[in-house]
Amino acid sequence: MGKATKAGDLRRLYETSYFGKLSILGLIVTMLLLIAIFSLTQGTYVLSVKEVFSALIGKVGGAQQVVVQNIRLPRIVAAILCGWGLSLAGLNIQTLLRNPLGSPSTLGISQGAACGATFAIVFVKANMVFVTAFAFAGALATAFIILALAKLRRLTPEAIILAGVALSSLFAAATVLLQYLATEDELVKVVFWAFGDVARSNWWELSLLAVAVAIITVKMLWLRWDLNAMIAGEETATSLGVNAKDRRTKGMLVAAFVAAVATAFHGVIAFVGLIAPHIARRIVGDDHCLLIYFSAAIGALLLLLADTVGRLFIGSGTLPVGVLTSFLGGPMFLFLLLQGEK
């Protein structure tokens, strides 16, 4: 009887904690929706909520419809999808490598994309369609190089991160060399592309990004228990029936694919994939049954908030969001590290 009572108390405690965390998730999603609505209404052309709703459903045309449907809404959707996708890519990499420093930027994927785009601008003289294609190819090539090194040399998860740092340095140096060889007009294009910016995508690009984000979301939710096992280590995961090496390879490819799509369309947006999973872990721990949802919501919230602040309060609407995330991401990450014991 005593054991049954104790088990019942533990179950009630777990349920209370679980639903309490769900309420926090609801609060985060509510904040995301409120900021999205606020961002739709504010700008050089101020609109009311009623005017925004009328423009969204097509009841009004003219300038209101153009501002809402063609300028502000794509930017908001891009910020949400990029934050969502990059945060899940970072979470996936951190879990599979069991390294808190794992993210698309620390593995060199973002730098590979930047190098590919710079090469296309300087030597191929390509338009933005081909620049995006070269950026995508550069990001995926970086991921394949890391996976090939890991397989051929049987690198440990820690060594994979070091290989990513080395590739980041290599691609950064190559990008600087290409910039040195560029003309003034090409250099302007390179700098413009390199700044992470969610204001330059169209609905076709957003639909492709949405598909990529949906793929990593569904895959991580489907394998959430395997990801929980991977946290305990490769030997523990194998003893539980998880093919750790196969999960790591395929999971890294999916994360690299999402990061490649986001970077190719919107430039280098640093620190979101690194910071959002850490914030989520401070709230829910390492249980991926909740951690996946929290990481996605927090990543979307952070990037949308950064873009809204940069658009409305800094730079008169022209400040790229990648500048703000890089500026705020470093101190925030140091703060989280210092607060880790608490």
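For clarity, every value in this text was computed on a predicted model and none was experimentally measured.

J.: Which residues make up the confidence of the model for the protein chain, and what values do they have?
T.: For the protein chain, per-residue confidence averages 83 on the pLDDT scale, and 90% of positions sit at 70 or higher. When mean pLDDT is taken per element in the protein chain, helix H8 (residues 203-222) scores highest with 93 and helix H14 (residues 321-338) scores lowest with 73.

J.: Describe helix H4 (residues 109-124), naming the residues involved and giving the relevant values.
T.: With 16 residues, H4 should reach 22 Å at 1.5 Å per residue; the first-to-last C-alpha distance of 21 Å fits that figure. Where burial is concerned, most of H4 is hidden: twelve out of the 16 residues are buried. Residues Ile 109, Ser 110, Gly 112, Ala 113, Ala 114, Cys 115, Gly 116, Ala 117, Thr 118, Ala 120, Ile 121 and Val 122 constitute the buried set of H4.

J.: Got a sec to walk through the side chain of Ser 103? Specific residues and values, please.
T.: Note on placement: Ser 103 falls in the loop between helix H3 (62-97) and H4. Ser 103 sits in the buried class, given a relative accessible area of 1%. Within polar-contact distance, the side chain of Ser 103 engages the side chain of Ser 105 at 3.0 Å. Beyond its immediate sequence surroundings of up to four residues, Ser 103 is in contact with Gly 90, Ile 93, Gly 273 and Leu 274.

J.: Lay out the layout of surface pockets in plain terms, naming residues and giving numbers.
T.: Considering only enclosed or pocket space, the largest pocket measures out at about 440 Å³ in volume. Looking at the largest pocket, the residues that line it are Leu 147, Ala 150, Lys 151, Arg 154, Leu 155, Pro 157, Ile 160, Glu 234, Lys 245, Arg 248 and Thr 249. Among the secondary structure elements, those contributing two or more residues to the lining of the largest pocket are helix H5 (128-153), helix H6 (157-181) and helix H11 (244-266). In terms of residue class, the lining of the largest pocket is built from five nonpolar, one polar and five charged.

J.: I'd like a rundown of helix H12 (residues 272-284), residues and numbers included.
T.: Here H12 is 13 residues long and its end C-alpha atoms lie 18 Å apart, about the 18 Å a rise of 1.5 Å per residue gives. Buried residues dominate H12, accounting for eleven of its 13 residues. Taken together, the buried positions of H12 are occupied by Val 272, Gly 273, Leu 274, Ile 275, Ala 276, Pro 277, His 278, Ile 279, Ala 280, Arg 281 and Val 284. Where H12 terminates, the next one or two residues include Gly 285, which has phi positive at roughly 80°.

J.: Residues and numbers for the pattern of salt bridges, please.
T.: The tally for this structure, following the rule as stated, stands at five salt bridges. As a salt-bridge pair, Arg 75 and Asp 307 come within 3.1 Å of each other at their nearest N and O atoms. Here Asp 307 lies in helix H13 (residues 288-312) and Arg 75 lies in helix H3, a separation of 232 residues in the sequence. What makes Asp 307 buried here is its relative accessible area of 2%. With a shortest N-O distance of 3.6 Å, Arg 247 and Asp 246 are connected by a salt bridge. Owing to a relative accessible area of 25%, Asp 246 belongs among the partly exposed residues under this scheme. Within this structure, Asp 226, Asp 246, Arg 247 and Lys 250 form a network of salt bridges that share partners.

Cut-offs applied
Residues numbered from 1 in each chain as written. Predicted model: local features only at pLDDT ≥ 70, side-chain atom pairs only at ≥ 80, totals over all residues. Heavy atoms only, no water. pLDDT = per-residue confidence, 0-100. Helix = DSSP H or I, 4+ residues; strand = E, 2+ residues; numbered from the N terminus. Expected span 1.5 Å × (residues − 1). Buried < 20%, exposed > 50% of the residue type's maximum accessible area, 1.4 Å probe, protein only. Polar contact = N/O pair within 3.5 Å; in protein donor to acceptor, adjacent residues only side chain to side chain. Contact = heavy atoms within 4.5 Å. 1 Å grid on protein atoms, 1.4 Å probe; cavity = no way out; pocket = protein on both sides within 12 Å on 5 of 7 lines; lining within 4 Å. Points joined across faces, edges and corners; volume = space filled by probe spheres on them. Nonpolar A, V, L, I, M, F, W, Y, C, P; charged D, E, K, R; others polar. Salt bridge = Lys/Arg side-chain N within 4 Å of Asp/Glu carboxyl O.

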